[in-house]
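# Commentary on secondary and tertiary structure
For reference, the chains in residue letters:
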Amino acid sequence: MFPFVGARVILGTTTSAIAQSTSQQGNAIIRLYVYFFAVALFLLAIGFAMSKLPKIESAEHRLGEKVNDSLWKHPNLVFGAIGIFVYVGGEVAIGSSIANYLALPNIGGFASNIADPASRYHAALGEAAGYISVYWLGAMIGRFIGSPILQKVKAGKLLALCAVMAALLVSVSVLTNAHVAMYSILAVGLFNSIMFPCIFTLGIAELGPLTGDGSGILNMAIVGGAIIPWLVGKVGDLINHAYYPAMTQGETSWGQGIHYALVLAVICYLYILFFAVSGSKPNSERYATGVAASD
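Sequence order as written defines residue numbering, which begins from 1 separately in each chain. Only residues with pLDDT of at least 70 are given local features in this predicted model, and only at 80 or more are side-chain atom pairs given and counted; all residues enter the totals for whole chains, interfaces and linings. Side-chain numbers come from the whole structure's heavy atoms, not from hydrogens or water.

## A short note on the overall build of the protein chain
Under the DSSP-based scheme used, a helix requires at least four consecutive residues in state H or I and a strand at least two consecutive residues in state E, with every element numbered from the N terminus. Summing up its helical and strand segments, the protein chain has 15 helices and 0 strands in all. Across the protein chain, the fraction of contacts at a sequence separation of at least 24, relative to all contacts at a separation of at least 6, is 79%. When the accessible surface of the protein chain is totalled, it reaches about 16,300 Å², and 69% of it is carbon and sulfur. The criterion used for residue contact is that any of the two residues' heavy atoms lie within 4.5 Å. In these tables, accessible area is a Shrake-Rupley quantity obtained with a 1.4 Å probe, and a residue counts as shielded only by the protein chains included in the view.

What follows is the structure in structure tokens.
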């Protein structure tokens, strides 16, 4: 919901709205938006503090208690942490690039009546930003659909299917233009939907009393959401500087760099496919396979 609101309130949707907004008005709106979220997060923190979450004794160990096991002896956890890293990174890289991506004249085709490239891009940006909500709406719908499916289908199989579909959709978007590229990238959200819970569940499988510690490692791996989008942006800038040398730094945002830089997200989804097929195997299955092969 809020990307949709932000697109209208902060960026605006038409050239006339942009022209009528002064910088002071824009700054006031942005401050109001930030204050709202600060209050919302503060109330959420209070809610968590007052919640009585259940303790799962079998998944925890007490301080000072010796556990004859190690997190690093569970490859599914290590591979799972990398999986969370690239999943969140790929998801956020696409989500945070959608406005810039769809604002390109050969992708979204917005504000096509404006001749000047810079003015056209900035006018298109506000309209394109509204489609961020479509991307995240797909993720929400996918979660509702995925929940009953996961009652009947193994997490690894569904994760593999979603990884293949996400990689294909991003590839199609990178290799095409216009509405094909636009709607294929927006559809990725639908297949992102069940990835986090599936990777998380497969990553902590058979950790026993180390489950709490393993969960902490998986949660920290979401830092990929800060690193991979940055890499995508840098690659996009490098492509723009290489193929559009006449552009100044401020103009690189409307070059085609971001169109091709999203191929990094394909690499992320291919790793998730590996994790779903092989890397997620818990020790009982991994070593049982090895013993069976030696016999």
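Additional details are given in the paragraphs that follow.
## What about the side chain of Gln256?
Residue position: Gln256 is located in the loop between α12 (224–243) and α13 (257–261). We call a residue buried when its accessible area falls under 20% of the maximum for its residue type, exposed when it is over 50%, and partly exposed in between, using a 1.4 Å probe and counting protein chains only. Look at Gln256 and you get buried, because its relative accessible area is 14%. We define a polar contact as two N or O atoms separated by no more than 3.5 Å, with the added condition that, inside protein, one atom must be a possible hydrogen donor and the other a possible acceptor, whereas residues neighbouring each other in sequence contribute only through side-chain atom pairs. Of the polar contacts made by the side chain of Gln256, one reaches the side chain of Asn106; its length is 2.7 Å.

## Some details on the environment of Ser184
Topologically, Ser184 is positioned in helix α8 (residues 178–186). Measuring from C-alpha to C-alpha, the distance between Ser184 and Leu168 comes to 8.9 Å, with 16 residues separating the pair along the chain. If near-sequence neighbours (up to four positions away) are discounted, Ser184 is found in contact with Leu169, Val172 and Ser173.

## Structural notes on unusual backbone geometry
The phi dihedral of Ala178 is positive, around 55°, even though this residue is not glycine. Mapped onto the elements, Ala178 comes out in helix α8. Ala178 sits in the partly exposed class, given a relative accessible area of 39%. Here the phi dihedral of Glu206 falls at roughly 65°; this positive angle occurs in a residue that is not glycine. With respect to the helices, strands and loops of the structure, Glu206 is situated in the loop between α10 (195–203) and α11 (211–220).

## Observations concerning the confidence of the model for the protein chain
Per-chain confidence: the protein chain averages 83 in pLDDT, with 80% of residues scoring 70 or above. A residue's pLDDT is the confidence the predictor assigns to it, expressed on a 0 to 100 scale. Mean pLDDT across the secondary structure elements of the protein chain bottoms out at helix α2 (residues 15–20), with 46, and peaks at helix α14 (residues 263–279), with 96. Below pLDDT 50 for its whole length, residues 13–22 participates in 9 contacts with residues either more than four positions away or in separate chains.

## Considering the packing of helix α4 (residues 75–102) against helix α6 (residues 132–149)
Simply put, an axis is a line fit to the C-alpha atoms, just over the touching stretch for a helix, and the angle between two N-to-C directions goes from 0 to 180 degrees. The geometry of α4 relative to α6 is characterised by a closest axis approach of 8 Å and an angle of 145° between their N-to-C directions. Seen from α4, the contacting residues are Tyr87, Glu91, Ile94, Gly95, Ile98 and Ala99; seen from α6, they are Ile132, Tyr135, Trp136 and Arg143. Here the residues of the contact of α4 with α6 are counted per class, giving 7 nonpolar, 1 polar and 2 charged. Each residue gets one of three labels, nonpolar for Ala, Val, Leu, Ile, Met, Phe, Trp, Tyr, Cys and Pro, charged for Asp, Glu, Lys and Arg, and polar for the others, Gly among them.

## Examining the packing of aromatic side chains
Centres within 6.5 Å are what make two rings of Phe, Tyr or Trp a pair, Trp counting through its six-membered ring; a difference in plane orientation under 30 degrees is then read as stacked, over 60 as edge-to-face, and the rest as tilted. One pass over the full model with this rule turns up 7 aromatic pairs. Aromatic side chains Phe196 and Phe200 sit 6.0 Å apart centroid to centroid with 20° between the ring planes, which places their arrangement in the stacked category. Here Phe196 pairs with Phe200, and both are found in helix α10, just 4 residues apart, close to one helical turn. Of the aromatic side chains, those joined through ring pairs into one cluster are Phe79, Tyr271 and Phe274.

## A look at the nonpolar core
Counting residues in each nonpolar core, the largest one holds 68 residues, and the members touching the most others are Ile94, Leu102, Met195 and Tyr269. At 12 residues, α4 tops the list of elements feeding residues into this core. The term nonpolar core refers to a set of buried residues drawn from Ala, Val, Leu, Ile, Met, Phe, Trp, Tyr and Cys, joined through side-chain atoms within 4.5 Å.

## Let's talk about the state of the cysteines
What counts as a disulfide here is a pair of cysteine sulfur atoms lying within 2.5 Å. In this structure the tally under the stated criterion is 0 disulfides. Cysteine Cys162 shares no disulfide, and the gap to the nearest cysteine sulfur, in Cys198, comes to 7.3 Å.

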